[in-house]
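An overview of the molecular structure
Listed below are the residues making up each chain.
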Amino acid sequence: MSKRNENSASDNNKKQKVANKTQSSLAAWVKPQQTRTVNLEALFSKTDKNVKDILSLEIETMNSEWLRALGEEIQKKYFIELKKFLKNEKENHKIFPPEPEIYSWSRYTPPSSVKVVIIGQDPYHDDGQAHGLCFSVPEGVNPPPSLVNIYKALKKDIPSFQIPKHGNLVNWAKAGVLLLNTSLTVRAHNAASHSGKGWEKFTDAVIQYLSEKKHELVFMLWGNHAIKKGKSINNKKHLVLQSVHPSPLSAHRGFFECHHWSKANDYLKKLGKPEINWNCLVETTNED
């Protein structure tokens, strides 16, 4: 075997190990979640059994606070059609992230803990990358270029920030940073393949809920897509920060000088709220 082929085989083995580790952690999470004590049956007591079956993933894996907030939304016709589309996709293609992680953003950051909202676009579409949090990848996967630029800009903004060797942002999510993609799924190796199918309307409802029901949150909108997505946010109740996208194609046009992380903490501090410890990524990540 040539050296080039050996390197390719090694890369594939690494990706498979990451994928296996992800699936193992998912199985460990789903089991206790299915026995959670919070009774949510009342939310769907008048829901048709067929619809409840279609919504089983949401009922079993979405955070209970978010499920209460979005219970009516996920029973709307467009969302049921979205779930039927995803069922067909699953039967014919591989989709990312794995099903139990589609709503991981909700579990790590329930409405009561949200302080900052970062809006992404699509999940990563290569093996082992997507795990339900925008810009984030599981440990063992190299940080993608946009995340590398986020780290660089944060370091420039807050010099004490320690750039981690991984790209797993779970600890930010646990600290109150909602990492929400516009679309929550994607077909493997096919960018934007699930856009326009209904996810955008659903995530609009998530953002609208936060804008209307919560106060004094920080929204970080990076790039035209996120800025357009956030047009309905009430900027009299919340701090809305805008910049170009951290992608290598646009970051040089001002992202490295946006100072969003210090601005967010200054805002929270002024209101007497706990600041975000952006350095929490250097701590051991526990995804339980």
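Residues numbered from 1 in each chain as written. Predicted model: local features only at pLDDT ≥ 70, side-chain atom pairs only at ≥ 80, totals over all residues. Heavy atoms only, no water.

As annotated in an unreviewed UniProt entry, the protein chain carries the name Uracil-DNA glycosylase and is attributed to Funneliformis geosporum. The record in UniProt for the protein chain states the following under Sequence similarities (unreviewed entry): "Belongs to the uracil-DNA glycosylase (UDG) superfamily. UNG family." (UniProt positions renumbered as here; feature names shortened; annotations may be inferred.)

**Quick word on the environment of E73**
Within the element layout of this structure, E73 appears in the loop between helix 4 (64-70) and helix 5 (77-92). Between the C-alpha atom of E73 and that of F202, which follows or precedes it by 129 residues, the distance is 7.3 Å. If near-sequence neighbours (up to four positions away) are discounted, E73 is found in contact with Y78, F79, K201, F202 and A205. Polar contacts involving the side chain of E73 include one to the side chain of Y78, which spans 2.6 Å. (Helix = DSSP H or I, 4+ residues; strand = E, 2+ residues; numbered from the N terminus. Contact = heavy atoms within 4.5 Å. Polar contact = N/O pair within 3.5 Å; in protein donor to acceptor, adjacent residues only side chain to side chain.)

**Digging into the packing of aromatic side chains**
For the structure shown, the criterion picks out 16 aromatic pairs. Judged by centre distance (5.5 Å) and plane angle (65°), the ring pair of W66 and W105 falls under edge-to-face. You can see W66 sitting in helix 4 and its partner W105 sitting in helix 6 (residues 104-108), a full 39 residues away along the chain. Judged by its relative accessible area of 0%, W66 is buried. Ring geometry for F255 versus F256: centroids 6.3 Å apart, planes at 70°, classification edge-to-face. By relative accessible area, which is 22% here, F256 ends up partly exposed. An aromatic cluster is present here, built from W66, Y78, F79, Y103, W105, W199, F202 and Y209 joined pairwise through their rings. (Phe/Tyr/Trp six-rings, centres within 6.5 Å; stacked < 30°, edge-to-face > 60°. Buried < 20%, exposed > 50% of the residue type's maximum accessible area, 1.4 Å probe, protein only.)

**Looking at the side chain of K237**
Examined against the element boundaries, K237 turns out to sit in the loop between helix 10 (224-229) and strand 6 (239-243). An unpaired buried charge is present at K237: no salt bridge exists, and E212, the closest side chain of opposite charge, is 7.5 Å distant. Once you skip the residues sitting within four places of it in the chain, K237 turns out to touch S211, E212, K213, K214, H215, E216, L217 and Y267. (Lys, Arg positive; Asp, Glu negative; His and termini not counted. Salt bridge = Lys/Arg side-chain N within 4 Å of Asp/Glu carboxyl O.)

**As for empty space enclosed by the protein**
For the structure on display, the rule yields two cavities of 30 Å³ or more. Approximately 50 Å³ is the volume found for the largest cavity. Around the largest cavity sit I119, G120, Q121, F135, W222, H225, A226 and H245, which together line it. Grouping the constituent residues of the lining of the largest cavity by class yields four nonpolar, four polar and no charged. If you add up the space inside the second largest cavity, you get close to 40 Å³. Surrounding the second largest cavity, I102, W105, P123, G132, L133, C134, L179, N181, S183 and L184 form its lining. (1 Å grid on protein atoms, 1.4 Å probe; cavity = no way out; pocket = protein on both sides within 12 Å on 5 of 7 lines; lining within 4 Å. Points joined across faces, edges and corners; volume = space filled by probe spheres on them. Nonpolar A, V, L, I, M, F, W, Y, C, P; charged D, E, K, R; others polar.)

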